[in-house]
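Letter by letter, the chains look like this.
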Amino acid sequence: MSLTIEEVKHVAMLARIGLTDEEIETLQREFDIIFKHIDTLAELDLEGVEPTSRPLPVLNITRADEIVEPLGIEKALKNAPAREGSAFQVPRIVAAGGDA
Amino acid sequence: MNPVLNGDMTARECVDATYTEIDAHNKEINAFVELTPDLAYAAADEIDARIKAGQKDELGPLAGVPVGFKDNMNLIGSKMTCCSNFLKDFESVYTATAVQRLIDAGTLPIGKTNMDEFAFGSSTETSVFGPTKNPWNLERVPGGSSGGSAAAVAARMVPIALGSDTGGSIRQPGAFTGTVALKPTYSRVSRFGVTGVSSSLDQVGSFATTVKDTALTLNAISGHDRFDTMSAKRDSEDFTAKLDSSVKGLRVAVVKDYLEADGLDPEIKASILAGVAALETQGAQIGEVSLPHSEYAISTYYIIMTAEASSNLARLDGIRYGARAQDTKDVVDLYLRTRAEGFGPETRRRLIMGTYMLSAGHYDKYFDRALRARTLVKQDFEKAFADYDIIVAPTTATTAFEFGAKQDPLTMYLSDRFTVPVNLAGVAALSMPSGLSQEGLPLSIQLISNYYDEATLLQTAAALERSYDFTELPSHVAETTA
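No experiment lies behind these values; they were computed from the predicted model shown. (Residues numbered from 1 in each chain as written. Chains lettered and ligands numbered in written order. Predicted model: local features only at pLDDT ≥ 70, side-chain atom pairs only at ≥ 80, totals over all residues. Heavy atoms only, no water.)

What to know about the overall build of chain B
Part 1 of the reasoning: Of regular secondary structure, chain B possesses 16 helices and eleven strands.
Part 2 of the reasoning: Taken over C-alpha atoms, the radius of gyration comes to 21 Å for chain B, in line with the 23 Å a tight globule of 482 residues would show.
Part 3 of the reasoning: Sequence separation of at least 24 residues holds for 77% of the intrachain contacts in chain B that already meet a minimum separation of 6.
Part 4 of the reasoning: With the model as given, the accessible surface of chain B reaches about 16300 Å², and the carbon-plus-sulfur share is 49%.
Part 5 of the reasoning: For chain B, the distance from the average site of its 44 positive side-chain charges to the average site of its 61 negative ones is 6 Å. (Helix = DSSP H or I, 4+ residues; strand = E, 2+ residues; numbered from the N terminus. Rg over C-alpha atoms; globule rule 2.2 N^0.38 Å. Contact = heavy atoms within 4.5 Å. Areas by Shrake-Rupley, 256 points an atom, 1.4 Å probe, with all protein chains shown as cover. Lys, Arg positive; Asp, Glu negative; His and termini not counted. Charge placed at Lys NZ, Arg CZ, Asp CG, Glu CD.)

In structure tokens:
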């Protein structure tokens, strides 16, 4: 199936990737070709076939809770795009004066 | 074989020689994106000191061997960029387990190698640092995504390099560059510290010039790691143990549907059949298998891989590390612009596609169906391995293609059709050179083994290595070693 321009825009928004109208159009054309191929999966009879989410049947792996050297503030903040003291600096998410 | 342990040169001289070679050719080939001389010389001095102190016998077989690491692997003292704008300035704050284990084996960390951005690609053309060129022909791609590691080994800059393989990203560049390229069983090698793209498919492996070096590298890097809970808890094994063993009685099957596939280069096919004939002469029992659901593998793979990648790379949001767009008006604008500026076209395409696969109303039609189709692909392999020890297939349908030859994404995706089914099933596979084409490009063969049977995989590869006797070198390497 093909995706409409509106659908591509919507999914790009869900993926939080801001694209120009031109980029959305290119993507829509490319998805057209890719989805035509992917849609061949509809041919397969999957009735009664169990899903495989990973190649090995590993479940509920546990281990002892051993304390190891933590990363530490300096290392954790080393690649931060903006910091203030020992914290990541982020843009305001709550409006000034708001009580939300 | 190992000039440092043989006493032909010190480890420091070995590092000198390696960087001289890289200086001479890297500008053209672009295999390395960062060099780590401080780390390499420090490691070399330690080896030299131990040799001087008479402790040579305590050193392992890889001591003093220069190595390269794909740039999606963390190594303290270097950047880890994934060849993306997003992480262009990212400095590692810890070291990946596989990298650390290879360094602990005494190797000399020479630098980080080029790759497709976030390992999304099959040609290394999506790297923010520009493409790597194929040492055999500079007009051709080295394959990808681990193209830098493949080219570094093919050009003999380093004898061993690590890569990662999600859908063929070790084996396909291995095929294009005439190197021995191993994707171990899913879970055999820890992925801790390696940028995860598709966690149910990703596996770390190696490039080398010989099967023996491949086995020694696997000895060093495999084994359980508490930081990768998926990594297998198995007793350590010596993967070199069976390299000289006869393949007499080994049950080997050719994948009939792959060898009869449209578009398979006749030279590749002939070289594979020659290899199979050589194994038969050495006493292997030869048969045929079919992997009928492989036809759906690319579709299945691109649903699962993009879905997992979209979830994995959601963490790249410009908040805690990496790039952040400036002068944004609110937090959503910050995410939108940071991710648009940070990611190249192929990464954006895959993340958006994966988001679609997981979004409401599409999950059942795509993601859930893909997980069920994956079961069928896996069952094909289980059936084959009930009767056979080793499966023989092409790695790629063609030899290395030209830059820009695969413009539309689907054509590029389809170039992985013989490698992707292996990742979906999680079994082990290796690509190795099987000759040279009339155009002077490496031909290759892919061997596939059952889960955790790398010992037999490497044994078979060693037998083929002796019969193919592939000694050709890229022309600039042949000139300098002549």
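Quick look at the pattern of salt bridges
Part 1 of the reasoning: Considering all chains together, one arrives at 25 salt bridges over all chains under this definition.
Part 2 of the reasoning: The closest approach of N and O atoms between Arg12(B) and Asp45(B), which form a salt bridge, is 2.8 Å. Of this pair, Arg12(B) sits in helix 1 (residues 11-29) while Asp45(B) sits in helix 2 (residues 37-52), placing them 33 residues apart in sequence.
Part 3 of the reasoning: What makes Arg12(B) partly exposed here is its relative accessible area of 35%.
Part 4 of the reasoning: The class for Asp45(B) is partly exposed, based on a relative accessible area of 34%.
Part 5 of the reasoning: The residue Arg50(B) makes a salt bridge to Glu58(B) at a minimum N-O spacing of 3.4 Å.
Part 6 of the reasoning: By sharing partners, the salt bridges in this structure join Glu30(A), Glu346(B), Arg349(B) and Arg350(B) into a single network. (Salt bridge = Lys/Arg side-chain N within 4 Å of Asp/Glu carboxyl O. Buried < 20%, exposed > 50% of the residue type's maximum accessible area, 1.4 Å probe, protein only.)

As for the pairing of strand 3 (residues 108-113) of chain B
Regular strands show a simple pattern: their side chains alternate between the two faces of the sheet.
All names here are of chain B.
Part 1 of the reasoning: Burial analysis of strand 3 places six of its six residues in the buried class, the great majority of the element.
Part 2 of the reasoning: Inspection of the sheet shows strand 1 (residues 32-35) paired to strand 3 by three bridges, in the antiparallel sense. What sits directly across from Leu-35, in strand 3, is Gly-111.
Part 3 of the reasoning: Here strand 2 (residues 66-70) runs beside strand 3; their pairing, made up of five bridges, is parallel. Pairing of Val-67 across the sheet is with Pro-109, part of strand 3.
Part 4 of the reasoning: Handedness of the crossover joining strand 2 and strand 3 through helix 3 (residues 97-104): right-handed. (Pairing = 2+ DSSP bridges. Right-handed = clockwise from strand over helix to strand, strands pointing away.)

Section: the interface of chain B and chain A
Part 1 of the reasoning: Of the residues lining the interface, 65 residues belong to chain B; the matching set on chain A comes to 55 residues.
Part 2 of the reasoning: Between chain B and chain A, the buried area comes to about 5400 Å², and carbon and sulfur atoms account for 70% of it.
Part 3 of the reasoning: Considering only the side of chain B, the residues that lose the most area to chain A are Arg226(B), Ile352(B) and Arg369(B), jointly responsible for 13% of the buried surface there.
Part 4 of the reasoning: Seen at the junction of chain B and chain A, the total is four salt bridges.
Part 5 of the reasoning: Counting the contacts that link chain B with chain A gives 19 residue pairs in polar contact (both at pLDDT 80 or more).
Part 6 of the reasoning: Those elements that provide at least two residues to the side of chain B that touches chain A are helix 9 (297-312), helix 10 (331-342), helix 11 (345-358), helix 12 (363-387), helix 13 (409-414) and helix 14 (420-425) of chain B.
Part 7 of the reasoning: The biggest single contributor to the side of chain B that touches chain A is helix 12 of chain B, with eleven residues.
Part 8 of the reasoning: Tallied by class, the residues present in the side of chain B that touches chain A amount to 36 nonpolar, 13 polar and 16 charged. (Buried area = accessible area lost by both parts, 1.4 Å probe. Polar contact = N/O pair within 3.5 Å; in protein donor to acceptor, adjacent residues only side chain to side chain. Nonpolar A, V, L, I, M, F, W, Y, C, P; charged D, E, K, R; others polar.)

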